[in-house]
Amino acid sequence: MAASGAGEPVDAKSEKAPFAQRIDPTREKLTPAQLQFMRQVQLAQWQKTLPQRRTRNIVTGLGIGALVLAIYGYTFYSVSQERFLDELEDEVKAARARALARASGP
């Protein structure tokens, strides 16, 4: 009742199927039919997980893009604040010069 390469036969009392055995195709001699079957199973598994992987990739890309835009926006905001502070410093210097002129004038 055991299929070749399937591990232990099905236990009739507990009705548990055997676990699949890992096979290294480079070490074990497999027939072309077995290799073709392995490729089909791998392709089916890959296609089954493809939509989930695609969704994760899209969410990750959007998250990274949002982070980049946030950093870019913050950089522009910081640069505009620096100009604002430069203008304030110029006004402070002018006010100090006026105050010095008034104090030393009369």
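Residues numbered from 1 in each chain as written. Predicted model: local features only at pLDDT ≥ 70, side-chain atom pairs only at ≥ 80, totals over all residues. Heavy atoms only, no water.

Taking an unreviewed UniProt entry as the reference, the protein chain is identified by name as Cytochrome c oxidase assembly factor 3 belonging to Galeopterus variegatus. Taken from UniProt, the Subcellular location (unreviewed entry) comment for the protein chain reads in full: "Mitochondrion membrane". What the UniProt record of the protein chain gives under Sequence similarities (unreviewed entry) is the line "Belongs to the COA3 family." (UniProt positions renumbered as here; feature names shortened; annotations may be inferred.)

### A word on the UniProt feature "transmembrane region" (unreviewed entry) in the protein chain
Per the UniProt record, "transmembrane region" (unreviewed entry) is found at residues 58–77. Between the C-alpha atoms that bound residues 58–77 the distance is 28 Å, and the span itself is 100% helix and 0% strand. (Helix = DSSP H or I, 4+ residues; strand = E, 2+ residues; numbered from the N terminus.)

### With respect to the packing of aromatic side chains
Summed over the entire model, instances satisfying the criterion amount to 1 aromatic pair. Taken together, a centroid distance of 4.9 Å and an interplanar angle of 75 degrees make the contact between Tyr72 and Phe76 edge-to-face. With Tyr72 and Phe76 both in helix H1 (residues 32–104) and 4 residues apart, this pair spans about one turn of that helix. Here the two residues Tyr72 and Phe76 agree in accessibility, since each one is exposed. (Phe/Tyr/Trp six-rings, centres within 6.5 Å; stacked < 30°, edge-to-face > 60°. Buried < 20%, exposed > 50% of the residue type's maximum accessible area, 1.4 Å probe, protein only.)

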